[in-house]
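Survey of secondary and tertiary structure
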Amino acid sequence: MSHQLGTLEELPLDYRNTLTDLNLVPLWPALRSFLPYGRPTRACEPMLWRYEDVRPLLMRAGDLTPIEKAERRVLILANPSLDLATARATPTIYLGLQLINPGETAPNHRHSPSAIRFVVEGEGGFTMVEGERLPMEKGDLILTPSGLWHEHGHTGSGPVVWLDALDLPLVYSVEASYCIEGEDQPRNNRADSSQATYRRSGLQPYAALDRPVDTYPLRRYPWREVKAALMDMAGHAGPHDVLHLAYVNPETGRECLPILGFSALALRPGETYAPKRRSASQVLHVIEGEGDAVIDGIEMRWGESSTIAVPTHAEIQVRNNSSTKMAFLFVVDDAPMQRKLGFYEEF
Ligand code: GTQ
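None of these values were measured; they are calculated from a predicted model.

1. Concerning the nonpolar core
Where a protein is soluble and globular, its nonpolar side chains tend to be buried together. Leu97, Ile116, Leu141, Tyr247, Phe262 and Phe330 are the most contacted members of the largest nonpolar core, which has 53 residues in total. Counting residues per element, this core draws most heavily on strand S10 (residues 160-166), which supplies 5 residues. Sequence-distant contacts of Tyr247, that is, excluding residues within four places in its chain, are made with Phe118, Leu141, Tyr221, Trp223, Val226, Glu255, Cys256, Phe262, Ser263, Ala264 and Phe330. Among the nonpolar cores identified, the runner-up in size contains 18 residues, and Ile295, Met300, Val310 and Ala327 belong to it.

Put into structure tokens, the structure is as follows:
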């Protein structure tokens with residue numbers, strides 16, 4: 001039963017002062033704010049970044065700041081509803097657009113937050129993870145999980161840009177975020193070898209059956225193959241089936257990182273994606289296509305490489321405006337963390 005709860009002001013001043021002196025706070029005046037009825041109170045608001053707005057500023061950063069002075073030349077997509085200084089797109093998701101020019105290297109380091117790279121443009125970039133050189137082509141997903149050494153480089157021509165997504169806000173908020181710098185990694189001679197070892201879902205090394213599961217066996221998910229899988233799926237699906245594939249650990253079939261989850265969504269020409277509300281916060285990054293979205297009543301128009309922040313519990317509709325072309329979205333969410341902690345829900 002719902003009661004009007006007592007306020008702080010109703011309490012005698014001497015009582016309040018004594019509580020304060022003893023580092024005590026009464027719960028009841030704040031109870032509804034900690035546990036609002038029905039839906040959480042959210043500071044996070046829907047937000048859109050258009051790549052055509054960000055790109056010129058990122059290129060300018062390339063002229064203004066040499067890589068040695070940046071280590072990572074990144075413009076953070078900071079949602080203004082969440083306090084710019086805390087570098088968050090959603091309560092748990094950090095996003096940045098990173099530029100690397102030909103011949104530059106972003107030095108080796110490892111850190112407690114987990115990161116992914118999702119390639120936005122350019123050819124010839126690579127990320128080295130624990131000695132394994134992973135090429136980066138547009139739309140590829142590259143994992144650099146917590147604690148693994150990683151460095152970036154670029155041996156091609158023209159700029160290379162990718163979207164960084166990190167669970168940094170969560171790790172930082174529990175005061176566990178830190179980084180270690182290292183010497184350049186010794187490069188093993190098995191570039192991109194996890195691609196070969198985990199060539200196809202449903203197959204894994206035989207020896208893996210007799211050892212504990214590998215936490216991060218596959219570090220690159222090529223867009224060429226993800227797109228082909230979505231198109232194959234479209235060919236077999238009914239017209240109302242949602243074309244949505246999760247990126248998973250091939251040994252467990254579960255999410256590939258512990259806190260953030262990644263998936264790819266295809267929208268047929270004219271299709272509107274209107275899923276149930278989810279307790280996870282999300283990011284939608286456009287791989288190809290253009291359209292409209294309504295996120296909690298906020299209307300926005302998206303195009304190639306746009307990035308949209310979606311609050312927890314949000315009402316969302318995303319429409320592919322083209323009558324002829326498919327649209328493809330990369331989705332980041334914090335559902336893996338919420339599932340592990342037991343409060344993931346859809347409504
Ligand atoms: O490329 O390792 O956007 O360490 C933020 C922190 C990228 C990276 C970011 C990082 C990196």
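2. Here's the deal with the site of the ligand
Taken together, Arg72, Val74, Tyr94, Gln98, His109, His111, Arg117, His150, His152, Asp164 and Leu166 make up the full set of residues adjacent to the ligand. Within the side chain of Asp164, an N or O atom sits 2.8 Å from an oxygen atom of the ligand. If the ligand stood free it would expose 290 Å²; the protein chains cover 89% of that surface. Looking at the shell around the ligand, the elements with two or more residues in it are strand S3 (94-100), strand S4 (105-111), strand S9 (150-154) and S10.

3. Side note on the layout of surface pockets
One number sums up the size of the largest pocket: a volume of about 680 Å³. If you trace the largest pocket, you find 21 residues lining it, with Arg200, Ser201, Tyr221, Glu225 and Ala229 closest to the centre. Counting residues per element, the ones that place at least two in the lining of the largest pocket are strand S12 (220-221), helix H6 (223-236) and strand S13 (243-246). For the lining of the largest pocket, the element with the most residues is H6, which contributes 4 residues. When its residues are assigned to classes, the lining of the largest pocket shows 14 nonpolar, 3 polar and 4 charged.

4. Description of the sheet that holds strand S15 (residues 272-273)
Taken in spatial order, the 4 strands line up as S15-S20-S17-S18 in an open sheet, and their pairing is antiparallel. Two strands bound the open sheet, and with one partner strand each, they are S15 and strand S18 (298-302). Pairing analysis gives 5 bridges linking strand S17 (residues 291-295) to strand S20 (residues 316-320), with the strands arranged antiparallel. Residue pairing in the sheet places Ile295 in a bridge with Ile316 of S20.

5. Describing the side chain of His150
Tracing the chain through its elements places His150 in strand S9. Discounting chain neighbours no more than four positions away, the residues touching His150 are Arg72, Pro107, Asn108, His109, Arg110, His111, Arg117, Thr127, Met128, Val129, Thr144 and Gln185.

6. Details of the confidence of the model for the protein
Per-residue confidence for the protein averages 96 on the pLDDT scale, and 99% of its residues sit at or above 70. Strand S21 (residues 327-333) holds the highest mean pLDDT among the elements of the protein, 99, whereas helix H5 (residues 193-197) holds the lowest, 92.

7. Topic: the pairing of S10
Of all 7 residues in S10, 7 are buried; the element is thus mostly enclosed. Alternating positions in S10 separate into two faces, Val160, Trp162, Asp164 and Leu166 on one and Val161, Leu163 and Ala165 on the other, with burial throughout. Two strands pair when backbone bridges link them, and S3 and S10 are joined in this way by 7 bridges, in the antiparallel orientation. Within the sheet, the bridge partner assigned to Tyr94 lies in S10 and is Leu166.

8. Things to note about H6
For the α-helix, the turn length of 3.6 residues means that residues three or four positions removed from each other point alike. The end-to-end C-alpha distance of H6 is 20 Å, a good match for the 20 Å that 14 residues give at a rise of 1.5 Å each. Against S12, S13, strand S14 (261-267), strand S16 (282-288) and S21 lie the buried residues of H6.

9. What to know about the packing of aromatic side chains
Note on aromatic pairs: each is described by the distance of the centres and the angle between the planes. On inspection of all chains with the given rule, the structure shows 5 aromatic pairs. Plain terms: the ring middles of Trp223 and Phe328 are 5.5 Å apart, the flat faces sit at 75° to each other, and that makes the pair edge-to-face. With Trp223 in helix H6 and Phe328 in strand S21, this pair connects stretches of sequence that are 105 residues apart. Residue Trp223 is classed as buried on the basis of its relative accessible area, which comes to 7%. Exposure remark for Phe328: the relative accessible area of 2% places this residue in the buried category. Both rings, one in Tyr247 and one in Phe330, keep their centres 5.9 Å apart while their planes meet at 80°; by these two values the pair is edge-to-face.

So, how was this worked out
Residues numbered from 1 in each chain as written. Predicted model: local features only at pLDDT ≥ 70, side-chain atom pairs only at ≥ 80, totals over all residues. Heavy atoms only, no water. Core = buried A, V, L, I, M, F, W, Y, C linked by side-chain atoms within 4.5 Å. Buried < 20%, exposed > 50% of the residue type's maximum accessible area, 1.4 Å probe, protein only. Helix = DSSP H or I, 4+ residues; strand = E, 2+ residues; numbered from the N terminus. Contact = heavy atoms within 4.5 Å. Near = heavy atom within 4 Å. Polar contact = N/O pair within 3.5 Å; in protein donor to acceptor, adjacent residues only side chain to side chain. Areas by Shrake-Rupley, 256 points an atom, 1.4 Å probe, with all protein chains shown as cover. 1 Å grid on protein atoms, 1.4 Å probe; cavity = no way out; pocket = protein on both sides within 12 Å on 5 of 7 lines; lining within 4 Å. Points joined across faces, edges and corners; volume = space filled by probe spheres on them. Nonpolar A, V, L, I, M, F, W, Y, C, P; charged D, E, K, R; others polar. Pairing = 2+ DSSP bridges. pLDDT = per-residue confidence, 0-100. Expected span 1.5 Å × (residues − 1). Phe/Tyr/Trp six-rings, centres within 6.5 Å; stacked < 30°, edge-to-face > 60°.

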